[in-house]
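Chains, contacts and geometry: an overview
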Amino acid sequence: GRSLRFKSKDQALKYVSRMIQQKRLNLSIGCAQLHYRSHKDHFASVADMLDPYENIAYAAKILKGLYLKYRSWKEAIKRYHASNPKYHIPYYIKVVKIYGHEL
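This is a predicted model, so every value here is computed, not measured.

The rules behind each value
- Residues numbered from 1 in each chain as written.
- Predicted model: local features only at pLDDT ≥ 70, side-chain atom pairs only at ≥ 80, totals over all residues.
- Heavy atoms only, no water.
- Helix = DSSP H or I, 4+ residues; strand = E, 2+ residues; numbered from the N terminus.
- Salt bridge = Lys/Arg side-chain N within 4 Å of Asp/Glu carboxyl O.
- Axes fitted to C-alpha atoms, helices over the stretch in contact; angles between N-to-C directions.
- Parallel < 35°, antiparallel > 145°, perpendicular 65-115°, else oblique.
- Left-handed = near helix turned anticlockwise from the far one by under 90°.
- Contact = heavy atoms within 4.5 Å.
- Nonpolar A, V, L, I, M, F, W, Y, C, P; charged D, E, K, R; others polar.
- Core = buried A, V, L, I, M, F, W, Y, C linked by side-chain atoms within 4.5 Å.
- Buried < 20%, exposed > 50% of the residue type's maximum accessible area, 1.4 Å probe, protein only.
- Patch = residues over 30% accessible without salt bridge, like charges linked within 9 Å, V, L, I, M, F, W, Y side chains within 5 Å.
- Areas by Shrake-Rupley, 256 points an atom, 1.4 Å probe, with all protein chains shown as cover.

A word on the environment of I93. Within the secondary structure, I93 is located in helix α6 (residues 85-99). When the C-alpha positions of I93 and S28 are compared, they lie 19 Å apart, and in sequence the two are 65 residues distant.

A few words now on the pattern of salt bridges. Summed over the entire model, instances satisfying the criterion amount to five salt bridges. In this structure, the salt-bridge partner of D51 is K9, at a minimum N-O distance of 3.9 Å. Note that D51 is positioned in the loop between α3 (46-50) and α4 (52-70) and K9 in helix α1 (residues 9-21), a separation of 42 residues in sequence. Between R79 and E75 there is a salt bridge, with its nearest N and O atoms 3.2 Å apart.

Our next topic: the environment of Y87. Positionally, Y87 belongs in helix α6. In this structure, the C-alpha to C-alpha distance between Y87 and L34, residues 53 residues apart in sequence, is 15 Å.

Our focus in this paragraph is the packing of α4 against helix α5 (residues 73-81). Contact geometry for α4 and α5: axes closest at 8 Å, N-to-C directions at 130 degrees. One finds that α4 runs oblique with respect to α5. Classified by chirality, the crossing of α5 by α4 is right-handed. When α4 is examined against α5, the residues A59, I62, L63, L66, Y67 and Y70 are found in contact with a partner set consisting of W73, E75, A76, I77, R79 and Y80. The residue makeup of the contact of α4 with α5, split by class, is 10 nonpolar, no polar and two charged.

Residues V16, L27, I29, L34 and Y36 are the most contacted members of the largest nonpolar core, which totals 19 residues. Those elements giving two or more residues to this core turn out to be α1, α3 and α4. At five residues, the largest contribution of residues to this core is made by α1. Those residues in contact with I29 that lie beyond four places of it in its chain are V16, L34, Y36, M49, L50 and N55.

Buried within α5 we find A76, I77 and K78. Lining the buried residues of α5 we find α4 and α6.

Attention now moves to a nonpolar patch on the surface. A contiguous nonpolar surface patch, about 470 Å² in accessible area, is contributed by W73, I98, Y99 and L103. In this fold, L103 is placed in the segment after α6.

By the secondary structure assignment, I29 is in strand β1 (residues 28-29). Distance from I29 to K40, taken between C-alpha atoms, is 9.8 Å for residues 11 residues apart in sequence.

Treat this as a map of the structure, not an account of what it does.
Structure follows, in structure tokens:
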């Protein structure tokens, strides 16, 4: 899909709430781009999921768990995005381009 940026958390919350009401649940939310359907149950509310501190703390927990499971940052980063290589390999390539080297 497309990336959206909002001027305030309130604007983002209104948009996400509207999408949820419309049953459009394939959303990536917050700075760590957490998939709503996959991770919503780990937050008390959508507002908490949008909170940068809670969003990043939860994402770090996921990434650390993936690293401990696969013993590789490369695999952890790929699988943070998706378990299917069709999706996680292009994602990893984007990460490498941003950081300028393999992880």
